[in-house]
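As a plain string of letters, each chain reads:
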Amino acid sequence: MTETVSMLSIVKEITSALKDKPGALLPILHDIQNALGYIPADSIPVIASELRLSRAEVHGVISFYHYFRETPPGKQTIHLCRAESCQAMGSKKLEEHVKAKLGIDYHETTTDGRFSLEPAYCLGLCSCSPGMQIGNDVYGRVSNESFDSIINEMETLS
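Residues numbered from 1 in each chain as written. Predicted model: local features only at pLDDT ≥ 70, side-chain atom pairs only at ≥ 80, totals over all residues. Heavy atoms only, no water.

A.B. asks: Just to check I follow, could you spell out the packing of aromatic side chains for this structure?
C.D. replies: What characterises a pair of aromatic rings is the spacing of the ring centres plus the angle enclosed by the ring planes. By the definition in use, this model includes three aromatic pairs. Between Phe64 and Tyr65, the ring centres sit 4.9 Å apart and the planes meet at 90 degrees, which makes this aromatic pair edge-to-face. For Phe64, a relative accessible area of 60% corresponds to the exposed category. Between Tyr65 and Phe68, the aromatic rings sit 6.2 Å apart at their centres with planes inclined by 90 degrees, giving edge-to-face as the arrangement. Put simply, the rings of Phe64, Tyr65, Tyr67 and Phe68 touch in pairs and so form one group of aromatic residues. (Phe/Tyr/Trp six-rings, centres within 6.5 Å; stacked < 30°, edge-to-face > 60°. Buried < 20%, exposed > 50% of the residue type's maximum accessible area, 1.4 Å probe, protein only.)

As structure tokens, this is what we get:
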């Protein structure tokens, strides 16, 4: 079974199970992303057909919500806090450093597939700003140097 056939069978299974529920589109998109890690472009016609929507309507919902990914995520997702407390403590400079170090912007993945970068709008680390989360690990008082150290350590472990 090819990867595309397998992906489409998962999409069809999810849409078939949820299509008759009121407001089914969002739960379908969430379940597909939970199962596959993202919402593949090839799934949009299937979803649209099952829900009797246009492909543009489905794509519009996917592109409207920043939570949904249209590309596969990296092995690790880095969430940088952009809330007011973190901004007051220098998160903008950290953000610029992280983007330059990884060579990506928000909602992108490094070319080697190791890291994806996503914004967060409060990680609950306000007293330890700026904050960051990688996977299930949270980090407070993140500086350019500590970020580099964390990433370098992760790269040597993989």
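Don't stop here, the text continues.
A.B. asks: Would you mind going over the pairing of strand β1 (residues 76-81) with me for this structure?
C.D. replies: Along any regular strand, the residues point their side chains to alternate faces of the sheet. Sheet topology note: the β1/strand β3 (residues 115-120) ladder contains six bridges and is parallel. Paired with Ile78 across the bridge in β3 is Leu117. The pairing of β1 with strand β4 (residues 132-134) spans three bridges and is antiparallel. Counted as the bridge partner of Leu80 is Met132 from β4. (Pairing = 2+ DSSP bridges. Helix = DSSP H or I, 4+ residues; strand = E, 2+ residues; numbered from the N terminus.)

A.B. asks: So what exactly am I meant to see when it comes to helix α2 (residues 25-36) here?
C.D. replies: Taking 1.5 Å as the rise per residue, α2 with twelve residues should run 16 Å; its terminal C-alpha atoms sit 16 Å apart, in good agreement. Along α2, the residues that are buried comprise Leu25, Ile28, Leu29, Ile32 and Gln33. Axial view of α2: buried residues confined to an arc of 130 degrees, hence all on one face. Packed against the buried residues of α2 are α1 (3-18), α3 (44-51) and α4 (55-64). (Expected span 1.5 Å × (residues − 1). Arc of directions from axis to C-beta. Contact = heavy atoms within 4.5 Å.)

A.B. asks: In this structure, what is going on with the environment of Ser43? I would like to understand it.
C.D. replies: Structurally, Ser43 is set in the loop between α2 and α3. Those residues in contact with Ser43 that sit more than four places away from it in its chain are Met7, Leu8 and Val11. Here the side chain of Ser43 touches Pro40 through a polar contact of 2.6 Å, landing on its backbone oxygen. (Polar contact = N/O pair within 3.5 Å; in protein donor to acceptor, adjacent residues only side chain to side chain.)

A.B. asks: Whenever I open this one, the packing of α1 against α2 confuses me. Can you help?
C.D. replies: For any two helices packed against each other, one specifies the crossing angle of their axes together with the interaxial distance. Their axes nearest at 10 Å, the elements α1 and α2 cross at an angle of 145 degrees. Every pair of crossing elements has a handedness; the one defined by α1 and α2 is right-handed. Contacts between α1 and α2 involve Met7, Ile10, Val11, Ile14, Thr15 and Leu18 on the former and, on the latter, Pro27, Ile28, Asp31, Ile32, Ala35 and Leu36. Here the residues of the contact of α1 with α2 sort into ten nonpolar, one polar and one charged. (Axes fitted to C-alpha atoms, helices over the stretch in contact; angles between N-to-C directions. Left-handed = near helix turned anticlockwise from the far one by under 90°. Nonpolar A, V, L, I, M, F, W, Y, C, P; charged D, E, K, R; others polar.)

A.B. asks: Would you explain the nonpolar core in this entry?
C.D. replies: Here is a general trend for soluble globular proteins: nonpolar side chains tend to be buried in one another's company. With 18 residues, the main nonpolar core has Ile28, Leu29, Ile32, Ile47, Val58 and Ile62 as its most contacted residues. Taken together, the elements giving at least two residues each to this core come down to α1, α2, α3 and α4. The greatest single-element share of this core, amounting to five residues, is contributed by α3. With sequence-adjacent residues up to four places away left out, Ile62 is seen in contact with Leu29, Ile39, Ile44, Phe68 and Glu70. Residues Phe115, Ile134, Ile150 and Ile151 belong to the second largest nonpolar core, which totals 15 residues. (Core = buried A, V, L, I, M, F, W, Y, C linked by side-chain atoms within 4.5 Å.)

On their own, these measurements won't tell you what the molecule is for.
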